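Coordinate inspection notes
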Amino acid sequence: MSEAVKSQTAPVAEAAETLTVTINGQAVKARPGQTILEVAKENGYHIPTLCHFDLANLRYVNEVASCRICMVEDRKRGRLYPACATPVSDGMDIQTNSLRVIRNRRNVLELILSDHPFDCLVCWKNGDCELQALASEVGLREIRVKGERHQVNVDTSSLSFIRDSSKCILCKRCVTMCSQVQSVNVYSAVGRGFNSVISTAFDLPMIDTNCTFCGQCLSVCPTGALAEVSNIDKVWAALTSGKHVVVQTAPAVRVALGEAFGMPPGSNVTGRMVTALKQMGFNEVFDTNFAADLTIMEEATELVHRIEHGGRLPILTSCCPGWVKFFEHQFSDMLDVPSSSKSPHEMFGSVIKTYFAERQGLKPEDIIVVSVMPCVAKKFESARPELMNEGVSDVDIVITTRELARMIQEISLDLENLEDTPFDDPFGESTGAAAIFGSSGGVIEAALRTAYEIMTGDKLEDVNFTPLRGLEGSKEATVSINGAPIRIGVASGLGNARKMIESIRSGEQVYHAIEIMACPGGCIAGGGQPYHFGNMELIKKRMEAIYAIDDNAEVRKSHENTAVQRLYREYLGEPYGQKAKELLHTTYTPRRKF
Amino acid sequence: MPDGRTDNPQLIALQTYLNGLDKDEGSLIVALQRAQELIGYLSEDAIFMVGQTLNIPVSKVYGVVTFYSFFRTRPRGKYDIKVCLGTACFVRKSPAILNELATLLQMEVGTTREDLKYSLNTVRCLGACGSAPIVQVNDDLYANVQVSDVAGIIRRYLD
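From a predicted model like this one, the values you see are computed outputs, not experimental measurements.

Along chain A, the regular secondary structure elements total 18 helices and 22 strands. Here the C-alpha atoms of chain A give a radius of gyration of 25 Å, agreeing with the 25 Å that 2.2 N^0.38 yields for 594 residues. Based on the C-alpha atoms only, the size of chain A along its principal axes is roughly 80 × 55 × 50 Å. For chain A, the residues scored as buried account for 62% of the 594 residues in total. The contacts in chain A between residues at least 6 apart in sequence include a share of 74% that link residues at least 24 apart. Accessible area for chain A stands at about 23000 Å²; split by element, carbon and sulfur atoms hold 50% of it. Taking the average place of the 61 positive charges on the side chains of chain A and the average place of its 73 negative ones, the gap between the two points comes to 7 Å.

Written as structure tokens, this is what we have:
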């Protein structure tokens, strides 16, 4: 696999050398090592691609050159080359749109589509499919090739996503994502020739593999071969069931939902999203950000407790269900290291079905909690037996940002032009610290704002821990609390997480607290968000929007959330106390390493 | 099998062999060949052991196993029956012999029977074209086989 992935670091030393290449009759400059595709792009020439994707910020590029859509002609040598995987050489005379190139591209696409189901109208990827868009771009109107087809074979075993190998075009983006970026290695090419498919070890159903359900594979899949398990029908059924239906929305949803309605990346649509949810008929629209503040109370107190009582360090954040399952498989001998705190939406579900139910005079089984999450792993998480209380799940239904967008479209709302509505009381209040939970580095920054004040008793003047921000896969900082250095590590992307945990296991690095998010960049790039197809510029915009919410917030420390304070006063007692541990903490299960 | 611990003598022998190899992808094919020699096929336990000892993801090991036709993921039967479909045997009607075997043994060609007694496969030339058609059962070779001989051959391998 390593030959398919190359490091994107530019060759600095040889940069002085310049090549001259002709593209469509125009001479352009190029650097050695650049591909034809890169040079064409720099000079404004568009070459259609399919299997190619470039995670520049992650330094990974998928260039298996398996689809052959990007073939261009070198007139000097009289041959066709895949632009994505062919380095330029001096004097190349490239044609990106000659008749020969166009005919070839059409033939290749016809061959790909000759083994593809023609159910686009009812396919879950309809409108978001790169293969469909390419057929439109190329102007294909007929498939002349009638050949053998792969049988439809749908794996619905997991609660998070579906795989249909008949829609797979073997581009291996999912393999690159899962193996190279995430280091999870669920997928491999299995079999040979026409029978080869992307499958799992022993062709196991997804639920029996070490899949973390992070969903990054489906974020980059160009076709309908991977899709989330849709719970849209369950939500509509809940809303007409006569039960009390409560919805909560995660911090990262509000800065990405607008993209599904043609709004620019990074648009903050919080108030409009609440309006849409109200119109759908939810009894209450609450904010998971409230529960993020609650999570900080528990996690920060647990951190302080471990530091002051000689407990196990470092503490690892436990908000990310993909990370939790990864840890259970890979580091099953270290299950006492992660914080025992449940993730925010699960804490919320627990509070809704106890405190809120009692206040409203409702039975827990008569309440349905729906979570809108940027994540497909949350679907698996919500069914974990550890997250049930007397047979009742904390959270009943999880839908993704994409599913919410579809529901809003189903009821013909124009999100962009809706009025703003505030979240409902009492769980609508949240702080800037909660907002940044959606971004890599945000959870630990929020925890530090609170832990600092608990440990020192002083007011923290500058709440911005900027070294912990940004899209870098691994970040670290040392913070001085009561004169003692507290070492903080942050990793996003499971490959980076693995390296960081291995460094503490070997004793090479010492940290007091580590934040991990499974998706590169954090929840803003989650597997349930509008498809990013590897475009990290998009993720950057979402990240800026998250920090802008924090910047503009009046209250920026979780422990200053008055609704959270009231919840402890009226119901939970002390943070990390007996009742809080009962309702807001969980346990982990060792799983097999693959 | 909990990771790395087993009472199975074949797997213990495999573990000993694997421990002496370089822990990288270069060792994969020899490791799989040795595992198949020891166990007769590549069981899930064997594939896990190879992957985990050599630090290669199990999914990738499985991908390699399914790529090469030499590797088997199911055990072979006690009696491994091969019918030659090479040119000489073919023109002397070996397909009819193959059909007769499949009918009498009540199994599909290319499979191993549920009771693990018989495997029935085809081969391309055993180098004895002068005696075509040829049937091989484990190390026994049968030359100039007629359809009417098949029942008699099977009777020797009933236990």
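This part covers the sheet that holds strand β22 (residues 513-517) of chain A. Taken in spatial order, the four strands line up as β15-β22-β21-β20 (chain A) in an open sheet, and their pairing is mixed. Both edges of this open sheet fall to β15 (315-316) and β20 (474-481) of chain A, since each of them pairs with a single strand only.

Residues and elements named next belong to chain A. Ranked by internal contacts, the top residues of the largest apolar core, which has 104 residues, are Phe161, Tyr187, Phe282, Trp323 and Leu404. Considering each element in turn, this core owes the most residues, seven residues, to helix α10 (residues 344-360). When residues of this core are assigned to domains, at least three map to each of domain 1 (144-228) and domain 2 (232-584). Not counting chain neighbours up to four residues away, the residues in contact with Trp323 comprise Leu316, Thr317, Leu494, Ala497, Ile501, Ile516 and Ala518. With 30 residues, the next largest nonpolar core counts Leu303, Ala447, Met455 and Val490 among its residues.

Residue and element names in this part refer to chain A. Of note, Gln34 is situated in the loop between β2 (26-30) and α1 (36-42). In terms of polar contacts, Gln34 uses its side chain to reach the backbone amide nitrogen of Arg31, at 2.9 Å. Separated by 2.8 Å, the side chains of Gln34 and Glu42 make a polar contact. If we skip the residues at most four places from it in the chain, Gln34 touches Val39, Glu42, Thr86, Pro87 and Val88.

Our next topic: the domain arrangement of chain A. Residue and element names in this part refer to chain A. The assigned domain composition of chain A is domain 1 (144-228) and domain 2 (232-584). Computed from C-alpha coordinates alone, the two centres of domain 1 and domain 2 are separated by 29 Å. Taken together, the contact pairs 24 residues of domain 1 with 29 residues of domain 2. Taking both sides of the interface into account, the surface hidden between domain 1 and domain 2 amounts to around 2000 Å²; carbon and sulfur atoms contribute 56%. Taken as a group, Thr212, Ser219 and Glu228 account for 28% of the area that domain 1 buries against domain 2, more than any other trio of residues on that side. At the junction of domain 1 with domain 2, the criterion picks out two salt bridges. Measuring nitrogen to oxygen at the nearest pair gives 3.2 Å for the salt bridge that ties Glu228 to Arg402. Counting across the interface, domain 1 meets domain 2 through 14 residue pairs in polar contact (both at pLDDT 80 or more). Broken down by secondary-structure element, the contributors of at least two residues to the side of domain 1 that touches domain 2 are α4 (173-181) and α5 (216-220). The dominant element in the side of domain 1 that touches domain 2, judged by the number of residues it contributes, is α5, at four residues. For the side of domain 1 that touches domain 2, the class distribution of residues is 13 nonpolar, nine polar and two charged.

What follows concerns the pairing of β20(A). Residue and element names in this part refer to chain A. Side chains Lys475, Ala477, Val479 and Ile481 of β20 all project onto a buried face; the interleaved residues Ser474, Glu476, Thr478 and Ser480 project onto a face where none is buried. Direction of pairing for β20 relative to strand β21 (residues 484-492): antiparallel, over a ladder of eight bridges. Residue pairing in the sheet places Thr478 in a bridge with Arg487 of β21. Count of turn residues in the β20/β21 antiparallel hairpin: two residues, of which Asn482 carries a positive phi of about 55 degrees.

Let us look at unusual backbone geometry. Residue and element names in this part refer to chain A. The amide bond that connects Leu313 to the next residue, Pro314, takes the cis arrangement and shows omega of 0 degrees. You can see Pro314 is positioned in the loop between α8 (288-308) and β15. Residue Pro426 is reached from Asp425 by a cis peptide bond, and omega for that bond is 5 degrees. Structurally, Pro426 can be placed in the loop between α12 (401-410) and α13 (432-435). Unlike most non-glycine residues, Arg68 shows phi in positive territory, near 65 degrees. Tracing the backbone through its elements, the reader meets Arg68 in the loop between β4 (60-62) and β5 (71-74). Its relative accessible area of 36% is what places Arg68 among the partly exposed residues. Here Ser412, not a glycine, exhibits a phi torsion of approximately 55 degrees, which is positive. Mapping Ser412 onto the fold places it in the loop between α12 and α13.

The rules behind these values
- Residues numbered from 1 in each chain as written.
- Chains lettered and ligands numbered in written order.
- Predicted model: local features only at pLDDT ≥ 70, side-chain atom pairs only at ≥ 80, totals over all residues.
- Heavy atoms only, no water.
- Helix = DSSP H or I, 4+ residues; strand = E, 2+ residues; numbered from the N terminus.
- Rg over C-alpha atoms; globule rule 2.2 N^0.38 Å.
- Buried < 20%, exposed > 50% of the residue type's maximum accessible area, 1.4 Å probe, protein only.
- Contact = heavy atoms within 4.5 Å.
- Areas by Shrake-Rupley, 256 points an atom, 1.4 Å probe, with all protein chains shown as cover.
- Lys, Arg positive; Asp, Glu negative; His and termini not counted.
- Charge placed at Lys NZ, Arg CZ, Asp CG, Glu CD.
- Pairing = 2+ DSSP bridges.
- Core = buried A, V, L, I, M, F, W, Y, C linked by side-chain atoms within 4.5 Å.
- Domains from an automatic or database assignment.
- Polar contact = N/O pair within 3.5 Å; in protein donor to acceptor, adjacent residues only side chain to side chain.
- Buried area = accessible area lost by both parts, 1.4 Å probe.
- Salt bridge = Lys/Arg side-chain N within 4 Å of Asp/Glu carboxyl O.
- Nonpolar A, V, L, I, M, F, W, Y, C, P; charged D, E, K, R; others polar.

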